[in-house]
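Chain and residue survey
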Amino acid sequence: MKYSVLDLAPVPEGSDVADAMRNTTELAQRAEALGYHRYWMAEHHNMPGIASAATSVLIGHVASHTKTMRVGSGGIMLPNHAPLQIAEQFGTLAALYGDRIDLGLGRAPGGDQAVYMALRRIGGDNFPADVAELMGYLGDPIDGATVRALPGEGSHVPIWILGSSLYGAQLAAHYGLPYAFASHFAPAALEEAIYIYRRDFKPSAQLEQPYFMLAANVFAAETDEEGAYLRTSMQQAFARMQTGTRGKLPRPVTDIDATIGEGMRRAVEPMLKVSATGSPESVRADLSAMITTYAPDELILTGQIHDHAARVRSFEIAAKAMCDLEGARAA
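Residues numbered from 1 in each chain as written. Predicted model: local features only at pLDDT ≥ 70, side-chain atom pairs only at ≥ 80, totals over all residues. Heavy atoms only, no water.

Let's talk about the overall build of the protein
Within the protein, the secondary structure is distributed over 12 helices and nine strands. Its C-alpha atoms give the protein a radius of gyration of 19 Å, within 12% of the compact-globule value 20 Å for 331 residues. Taken over 331 residues, the protein has a buried fraction of 53%. When contacts within the protein are restricted to residue pairs at least 6 apart in sequence, long-range pairs at least 24 apart make up 73% of them. On the protein, roughly 14200 Å² of surface is accessible, and the fraction owed to carbon and sulfur atoms is 54%. Of the charged side chains in the protein, 27 are positive and 37 negative, and the gap between their average positions amounts to 1 Å. (Helix = DSSP H or I, 4+ residues; strand = E, 2+ residues; numbered from the N terminus. Rg over C-alpha atoms; globule rule 2.2 N^0.38 Å. Buried < 20%, exposed > 50% of the residue type's maximum accessible area, 1.4 Å probe, protein only. Contact = heavy atoms within 4.5 Å. Areas by Shrake-Rupley, 256 points an atom, 1.4 Å probe, with all protein chains shown as cover. Lys, Arg positive; Asp, Glu negative; His and termini not counted. Charge placed at Lys NZ, Arg CZ, Asp CG, Glu CD.)

This is the structure:
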C-alpha cells in the first residue's frame, strides 16, 4: 500500500514562517528517502500556525528540492480561485517538474467569512461547475476554444476531490476522480462517504476504478508516553479552534486536562479518532487497524508536532510501520 505525507507547514510557538518552510523542505527530502509516495500541502488562510497559504508556490519549492516523489495540493480551495488561474499554475508546475504534480481540490474556503470576502470570492457555490471547467482546461485542446490554459492545456494533471462530508464523495464518484477524506480532523462521516464513493463511482478517462485515500494523524515516538505527549499540541490547537483563539502550534504539555480542561479534551477527542499514537509497536497496531477497518487504497499521514526533530522521527517510525505491515501482508 502506498503511504504519503500531508504537511500543513506548521509554525510552532517560538518559531516563524521561514523556519516552517525550511522544516517542510527538510521533511520532504526525508520523506522521499523513506519511500513516501506523495507529499501534499494544504491551503489555509489567516492562520498563524500554518505557513502553506500560497500553496502553489510552496509546491514548486518542494518539487524543486525533491527528485521522484509526487508533490501536490491537499488541497487547493477552489472557491477561492478562478479555475483558469489554477489550471495555469498547475500547468506551470507540470511543465517544470513533469508527471510528479497532483491537484487535490477542496470546497471549503480555507478560512472564515472575513477571509472569503478578502479573497473577493463573494459568489455562490459553483464547485461542481468549477471542477468541470478546470478539468477542461487541463485536458486535451478543444477546437475553437476562446479561453485556453497556457500553460496547462494537455498536461492532464491528475485531479483529486477532497472532502469531509458526503458531498465530496458524491462529486468524486460522479466525475470518476480519486477521493481523499479529511479524516485527520473530521472523521464523523468517513464510513458513509467511503461507501457512497465506491457504490456510485463512474469510470472516467482519468480513473477506471475508485481510488480512496484515508488521511490519518501520526504521533509516533519511542514510547507510548512520549507519543501521547506529542499529541497534546494538536489537542490544544483543536481546543483553540473551538474557542476562536487560534495561534501558532502550541508546545506539548504533560497534563492536557490541566491545560484545556477535561471537558474540552473530551470535546476535541473525536476529531482525533483516526490517529496512530505512541511507540513503534502501538503505531503499527493503530495503522493496521485503520487499514483493516477502512480498506483504503492509500494512506496519507499528517503530524502536527511542535518539535521538528520529533516530527521527522514520527514520520520515520510511521514509514517503518507501513513497510512492516506490507511485508507481513506479502508473507
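What about empty space enclosed by the protein?
Under the defined criterion, the tally for this structure stands at one cavity of 30 Å³ or more. When its volume is computed, the largest cavity comes out at roughly 30 Å³. Together, Pro-10, Pro-12, Asn-23, Ile-305, His-306, His-308 and Arg-311 line the largest cavity. Taken together, the residues that form the lining of the largest cavity break down as three nonpolar, three polar and one charged. (1 Å grid on protein atoms, 1.4 Å probe; cavity = no way out; pocket = protein on both sides within 12 Å on 5 of 7 lines; lining within 4 Å. Points joined across faces, edges and corners; volume = space filled by probe spheres on them. Nonpolar A, V, L, I, M, F, W, Y, C, P; charged D, E, K, R; others polar.)

Notes on the environment of Leu-299
Relative to the elements of secondary structure, Leu-299 occurs in strand E9 (residues 298–302). Expressed as a C-alpha distance, the spacing of Leu-299 and Leu-214, which sit 85 residues apart in the sequence, is 5.0 Å. Other than its neighbours up to four places away in sequence, Leu-299 contacts Met-1, Lys-2, Tyr-3, Ser-4, Met-213, Leu-214, Leu-287 and Met-322.

Observations concerning the side chain of Thr-66
Topologically, Thr-66 is positioned in the loop between helix H2 (55–64) and strand E3 (70–77). According to the relative accessible area criterion, Thr-66 is buried, its value standing at 6%. Here Arg-100 takes part through its side chain, which lies 2.6 Å from a polar atom of the side chain of Thr-66. In this structure Thr-66 touches Ala-28, Gln-29, Glu-32, Val-71 and Arg-100, once residues within four positions along its chain are discounted. (Polar contact = N/O pair within 3.5 Å; in protein donor to acceptor, adjacent residues only side chain to side chain.)

Structural notes on the packing of helix H6 (residues 166–175) against helix H7 (residues 190–200)
As a packed pair, H6 and H7 sit with axes 8 Å apart at the nearest point and diverge in direction by 15°. One element, H6, and the other, H7, form an angle in the roughly parallel class. Where H6 crosses over H7, the two elements pack in a sense that is right-handed. Between H6, through Leu-166, Ala-169, Gln-170, Ala-172 and Ala-173, and H7, the contact on the second element is made entirely by Glu-192, Ala-193, Ile-196, Tyr-197 and Asp-200. Tallied by class, the residues present in the contact of H6 with H7 amount to seven nonpolar, one polar and two charged. (Axes fitted to C-alpha atoms, helices over the stretch in contact; angles between N-to-C directions. Parallel < 35°, antiparallel > 145°, perpendicular 65-115°, else oblique. Left-handed = near helix turned anticlockwise from the far one by under 90°.)

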